[in-house]
Amino acid sequence: MAFIRKKRREQQLQLYSKERFSLLLLNLEEYYFEQHTANHIQNKGDQNERKIRGSLKICSKSVIFEPDAISQPIIKIPLRDCIKIGKHGENGSNRHFAKAKSGEISLIFSQVYFIKEHNIVAPYKIERGKMEYVFELDVSGKVEDVVETLLQLHRASRLDKLGDQTAMITAILQSRLARTSFDKNRFQSVSEKLHMECKAEMVTPLVTNPGHVCITDTNLYFQPLNGYPKPVVQITLQDVRRIYKRRHGLMPLGLEVFCTEDDLCSDIYLKFYEPQDRDDLYFYIATYLEHHAAERTAESYTLQWQRGHLSNYQYLLHLNNLADRSCNDLSQYPVFPWVIGDYCSAALDLSNPGTFRDLSRPVGALNKERLERLLTRYQEMPEPKFMYGSHYSSPGYVLFYLVRIAPEYMLCLQNGRFDNADRMFNSIAETWKNCLDGATDFKELIPEFYGDDVSFLVNSLKLDLGKRQGGQMVDDVELPPWARSPEDFLRKSKDALESNYVSEHLHEWIDLIFGYKQKGNDALGAHNVFHPLTYEGGVDLNSIEDPDEKVAMLTQILEFGQTPKQLFVTPHPRRITPKFKNFSHACSHNAPMADSPGEESFEDLTEESKSLAWNNITKLQLHEQYKIHKEAVTGIAVSCNGSSVFTTSQDSTLKMFSKESKMLQRSISFSNMALSSCLLLPGDATVISSSWDNNVYFYSIAFARRQDTLMGHDDAVSKICWHDNRLYSASWDSTVKVWSGVAAEMTCTRRQRFDMLAELEHDVSVDTISLNAASTLLVSGTKEGTVNIWDLATATVLHQIPCHSGTVCDTAFSPDSRHVLSTGEDGCLNVIDVQTGMLISSMTSDEPQRCFIWDGNSVLSGSQSGELLVWDLLGGKISERIQGHTGAVTCIWMNEQCSSIITGGEDRQIMFWKLQY
């Protein structure tokens, strides 16, 4: 998966450089400065003297010699273990600076490491005792400079305080960077225009490489100070698809650039020395990308995941990416959940809930007995308190899983050693058991467990990873009985991750790792409290003045692991699974049953026609148009047979238009005030209209007269809805009222008695309302931009979401009642999850969308300019713009089969549209 691909990319770079050397041979936080072709002279002055050809590399904490012959080991001499450094053969006080005929450098030291002998990756061999090595540079004139550099770095390595060492090495590095600049001869074209150049470091797992960043009008470049692993890294801006600002070492200094849409591995990860440099470079790239969404929010992916357009695996990758998790940073490596809880059975039953881990609990809370012990310790602990002494993700845990594919990383992290053989990743079942029972083991998994590459489970490199207490050698990972092979294990693990059970419960794990249960009282209640230093903002490094304390704090944080950036502060919506869809169909009392399994019901055919219509919504064509009003059209209602169209307008009239004769049949005026909306009661006998004169009017079609008036508000009535003998009216008097006694078959012989069943109070004017399909929920939109979701059974507000700046123009539930879509004067289209009230998607246009219809995935909206816009919510884009009215589109109607559409506008026209497919 991510790390494996990264590893292969680095191996390709090493093929380019033809070296065994890699930055992983350096210590953590060490820099590689320069290299010189040289000979290692063994047995100097002896008859057995011989020269070994190779490359001498000067690093900030060590000297490394890489022989050309792979049979010879790489030599690493820590500078802190050096006793004397100088020109060979010189004595006295001037021994370091006297002019010598030879280009030989002498190092006298007490400890040396031998690495990759015969190019075999293995624990480093250590030789201790006073000894002298002599290196002869090809260019003897460079000896004095090299010796001076080594002496300077040697002084830094021998300082007592770690903070002072770091400060001195940083000063040396910055001095080197200041004396160099990006080589403009490396530009791909002479016509390229330079926008910006600054100092930065390229970040790869466990190491960083300093150099110069340069951005032109067409390319992004990074030139390593040391020319390793190649002279320049170049990325064409045209290929860039995503960029993310990152926190690196708890500071806002990172920038990661991707040339792919879905890959977790970036093309380059840069760490800057100044936040402003990072922000400026981000701005240049984002500006180049223009309309491409440079950075997407977590919520923008949530709707795609809920609707099944992203798999659980893809969604978790996106959340990790947005939460600053990167395969370039092992302290913030992507985290995935254990989902299977059965590693003992001969067969894996994914239909049995007992097969799975409880995703509502962190790993540390899965074992109740262990949790009780941890809680007892927590209660007795002084501040700052934490429940778990280790984290669920850290560099050590990542490499625990990946040691077979990335042994050099493990050796780098652990000072040239592998872990104890019995503590290695030997068995899936053993690892799971230890996560359940171990006193300090609470680790989750990594993406590789749900990928396609089995190499991290197989010792294909034939590494000597040690012998266990029972005598067996550490080799391939032992698989559970239900897995026939590593490939079968990964396949079944992926099936488990995408199973119905996990889909129904994954939001609970997201709440723990990325969501509202990550911090505060909710984290405490979920037993999800880790050390304060692991959380973003847990420590302000800039406020620590003592350099020793700062370095120690940073080292502790990076090695311990970091909690992901919090993405959600409210409960995460659950996924819409086939189980829930079937359940909703089963509960529909009016749904006809098919006579046989092979026979489609009428409902199925209707759903199929709706789906076909929405799939072709971009092919909408204008059929007819009529100007029947003197001012803007405000409402449209159509009889069941489609022959009669009723419209209201700000000209105060209700009009009845015959679609068959194409003639205006009636024009009715109830007062001299504008009418705001209309609807037809079932049976097509009565039209109800709302008015700015505070009233709701009932008009009998058969008797051609007003049959009743509801005087129920203190200000204009803005919108009305009806369901099951109940009328819902919204008003500028800041209320929505629910009325009974509005029967479908209203008579004209007597006036109705309207009883107010409920009053839903708002703080400001209500401009629009809508009911869900079952009329159990109501959504309202206010003048100040708040969307409210109400439970009609209890007349209480479930969620208040201030998601628009300015008036909410229109609102509607999705057909499955799981989402609400709202449009506003601010040009935003916002999708809200009904269960949690979370804003899960937001798109913007350059003008208000006054009205809309939608199917849960696509939207047809009427804009201020008169265009009809087709929106692909899941793709986050406008699919089509259709020319329509000459003024704002103010209302829109669609028939049940989704094949016919009527719009009304400020241009006083009604337009009839047809789908052509």
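Each value, and the rule that gives it
Residues numbered from 1 in each chain as written. Predicted model: local features only at pLDDT ≥ 70, side-chain atom pairs only at ≥ 80, totals over all residues. Heavy atoms only, no water. Helix = DSSP H or I, 4+ residues; strand = E, 2+ residues; numbered from the N terminus. Buried < 20%, exposed > 50% of the residue type's maximum accessible area, 1.4 Å probe, protein only. Contact = heavy atoms within 4.5 Å. Areas by Shrake-Rupley, 256 points an atom, 1.4 Å probe, with all protein chains shown as cover. UniProt positions renumbered as here; feature names shortened; annotations may be inferred. Disulfide = S-S within 2.5 Å. pLDDT = per-residue confidence, 0-100.

Where an unreviewed UniProt entry is consulted, the protein appears under the name Protein FAN, with the organism given as Neomonachus schauinslandi.

A.B. asks: Talk me through the overall build of the protein; I want residue IDs and the actual numbers.
C.D. replies: Along its length, the protein carries 16 helices and 42 strands. Here the C-alpha coordinates of the protein stretch approximately 125 × 65 × 55 Å along the principal axes. For the protein, the proportion of its 917 residues judged to be buried stands at 57%. Put simply, of all contacts in the protein between residues at least 6 apart along the chain, 56% involve residues at least 24 apart. Of the accessible surface of the protein, which amounts to about 39300 Å², a share of 47% is contributed by carbon and sulfur atoms.

A.B. asks: How would you summarise the UniProt feature "domain: BEACH-type PH" (unreviewed entry) in the protein if you had to cite specific residues and measurements?
C.D. replies: In this structure's numbering, the residues bearing the UniProt feature "domain: BEACH-type PH" (unreviewed entry) are residues 189-286. When the span residues 189-286 is considered, its composition is 12% helix and 52% strand, and the gap between its end C-alpha atoms is 22 Å.

A.B. asks: Any details on the state of the cysteines? Residues and values, ideally.
C.D. replies: As enumerated under the stated definition, the model contains zero disulfides in all. In this model Cys 412 remains outside any disulfide bridge; the closest cysteine sulfur is found in Cys 59, 12 Å from its own. Residue Cys 412 is classed as buried on the basis of its relative accessible area, which comes to 5%. Note on Cys 803: no disulfide assigned, nearest cysteine sulfur contributed by Cys 828 at a separation of 8.4 Å. You can call Cys 803 buried: its relative accessible area is 14%.

A.B. asks: Before we move on, can you summarise the UniProt feature "repeat: WD" (unreviewed entry) in the protein with the specific residues and values?
C.D. replies: In the numbering used here, UniProt assigns the feature "repeat: WD" (unreviewed entry) to residues 710-740, 759-800, 801-842 and 882-917. When the span residues 710-740 is considered, its composition is 0% helix and 68% strand, and the gap between its end C-alpha atoms is 11 Å. The span residues 759-800 carries 0% helix and 62% strand; its end-to-end C-alpha distance comes to 17 Å.

A.B. asks: How would you summarise the confidence of the model for the protein if you had to cite specific residues and measurements?
C.D. replies: On average, residues of the protein score 90 in pLDDT, and 92% of them reach the 70 mark or higher. Taken together, the stretch residues 12-17 has pLDDT below 50 and engages in twelve contacts with residues farther than four places along the chain or on a different chain. In this model, residues 579-603 is a region of pLDDT below 50 whose contacts with residues beyond four sequence positions or in other chains number 15 contacts.

A.B. asks: Just give me the short version of helix α6 (residues 312-322), but keep the residues and values in it.
C.D. replies: For α6, a buried count of ten out of eleven residues is recorded, marking the element as mostly surrounded by other parts of the structure. The complete set of buried residues in α6 reads Asn 312, Tyr 313, Tyr 315, Leu 316, Leu 317, His 318, Leu 319, Asn 320, Asn 321 and Leu 322. Those residues of α6 that are buried lie in contact with β12 (242-248), β13 (251-258), α5 (298-306), α11 (486-497) and α12 (500-513). Directly beyond the C-terminal end of α6, a positive phi value near 70° is found at Asp 324.

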